[in-house]
Amino acid sequence: MADDKAKRGGSDGRLIALREAYEVRYWSKKFKVTPSKLKAAVKAVGRSARTVEAYLKLQKRATNDRALIALTQPYEVRYWAKKFKVTPARLRTAVGEVGRSAKKVGVFLAARKTVKKKSAVKKKTTAKKVKTKKVKAKTPKAKKAKKSAGKRARA
């Protein structure tokens, strides 16, 4: 895009002019960023379209890297294990199941916790029922046995 409308040539087409609204729209669409991100990139690295494009690609890559879990780095394993409140071994298992995406690992671990909680609640309630039945069943028989033993001893 030409910054100076009187100039029509290659070098001027490689520069980004933020004062022209149509250029901001064009470059934003080309780089697939918002106009505010484009303006920040131009302010950071200059008006050259090449340097702005390289800068924006680097920014996107850095954002993507932050959302991935690197199991090769011990500090990352500690960080994510603490964040998800699981052991490092459990974290490694989850990453092996769903991949390195922190979002997917978080969803996977949350789903597993709810399943475990539900099954643990069911196990506890069934265990309590069994224990109470056994206790109730033993007490009347034990009382009858004591009474009959007492009667036999008297006779």
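What you see is a predicted model; the values in this text were computed from it and never measured. (Residues numbered from 1 in each chain as written. Predicted model: local features only at pLDDT ≥ 70, side-chain atom pairs only at ≥ 80, totals over all residues. Heavy atoms only, no water.)

### Side note on the overall build of the protein
- Secondary structure summary: the protein contains seven helices and zero strands in total.
- Among the 155 residues that make up the protein, the fraction classed as buried is 22%.
- Sequence separation of at least 24 residues holds for 26% of the intrachain contacts in the protein that already meet a minimum separation of 6.
- In the form shown here, the protein has an accessible surface area of approximately 12,400 Å², with 59% of it arising from carbon and sulfur atoms. (Helix = DSSP H or I, 4+ residues; strand = E, 2+ residues; numbered from the N terminus. Buried < 20%, exposed > 50% of the residue type's maximum accessible area, 1.4 Å probe, protein only. Contact = heavy atoms within 4.5 Å. Areas by Shrake-Rupley, 256 points an atom, 1.4 Å probe, with all protein chains shown as cover.)

### With respect to the packing of aromatic side chains
- Across all of its chains, the model carries four aromatic pairs by this definition.
- When the ring of Trp-27 is compared with that of Phe-31, the centres are 5.5 Å apart and the planes differ by 25°; the resulting orientation is stacked. One end of the pair is Trp-27 and the other is Phe-31, both in helix α2 (residues 21-31) and four residues apart, which spans about a single turn.
- Measuring from ring centre to ring centre gives 5.6 Å for Trp-80 and Phe-84, while their planes differ by 25°; the resulting arrangement is stacked. Here Trp-80 and its partner Phe-84 are both found in helix α5 (residues 74-84), four residues apart, which amounts to about one turn of the helix. Comparing Trp-80 with Phe-84, the two get one shared label, buried.
- The rings of Tyr-26, Trp-27 and Phe-31 are connected pair by pair, giving a single aromatic cluster. (Phe/Tyr/Trp six-rings, centres within 6.5 Å; stacked < 30°, edge-to-face > 60°.)

### As for the side chain of Arg-90
- With respect to the secondary-structure elements, Arg-90 resides in helix α6 (residues 88-98).
- Among buried Asp, Glu, Lys and Arg side chains, Arg-90 stands out as unpaired, with Glu-97 the closest opposite charge at 6.9 Å. (Lys, Arg positive; Asp, Glu negative; His and termini not counted. Salt bridge = Lys/Arg side-chain N within 4 Å of Asp/Glu carboxyl O.)

### Notes on the environment of Ile-16
- Examined against the element boundaries, Ile-16 turns out to sit in the loop between α1 (10-13) and α2.
- You can call Ile-16 buried: its relative accessible area is 1%.
- Between the alpha carbons of Ile-16 and Ala-49 there is a distance of 6.1 Å; along the sequence they are 33 residues apart.

### Things to note about α5
- By the burial criterion, the buried members of α5 are Glu-76, Val-77, Trp-80, Ala-81 and Phe-84. Across the axial projection of α5, the buried residues extend over an arc of 125°, all falling on one side. More than 90 degrees from the buried face of α5, the exposed residues found are Pro-74, Arg-78 and Lys-82.
- In the stretch just after α5, Lys-85 is the one whose phi turns positive, near 60°. (Arc of directions from axis to C-beta.)

### Quick word on the layout of surface pockets
- Size it by volume and the largest pocket reaches roughly 180 Å³.
- Considering the residues around the largest pocket, the lining is formed by Lys-32, Val-33, Lys-37, Ala-40, Ala-41, Tyr-55, Leu-56, Gln-59, Lys-60 and Thr-63.
- Put simply, the parts of the chain that give the lining of the largest pocket at least two residues each are α3 (35-45) and α4 (49-66).
- Here the element with the most residues in the lining of the largest pocket is α4; it accounts for five residues.
- Looking at the lining of the largest pocket, its residues break down into five nonpolar, two polar and three charged. (1 Å grid on protein atoms, 1.4 Å probe; cavity = no way out; pocket = protein on both sides within 12 Å on 5 of 7 lines; lining within 4 Å. Points joined across faces, edges and corners; volume = space filled by probe spheres on them. Nonpolar A, V, L, I, M, F, W, Y, C, P; charged D, E, K, R; others polar.)

### Some words on the nonpolar core
- Ile-69, Trp-80, Phe-84, Leu-91, Val-105 and Leu-109 are the most contacted members of the largest nonpolar core, which totals 13 residues.
- Within the residue set of this core, elements represented by two or more residues are α5, α6 and α7 (102-154).
- Sequence-distant contacts of Ile-69, that is, excluding residues within four places in its chain, are made with Glu-76, Trp-80, Phe-84, Leu-91, Val-95, Arg-100, Ala-102 and Val-105.
- In terms of nonpolar packing, the next biggest core, distinct from the first, is built from 11 residues, Val-33, Val-42, Ala-49 and Val-52 among them. (Core = buried A, V, L, I, M, F, W, Y, C linked by side-chain atoms within 4.5 Å.)

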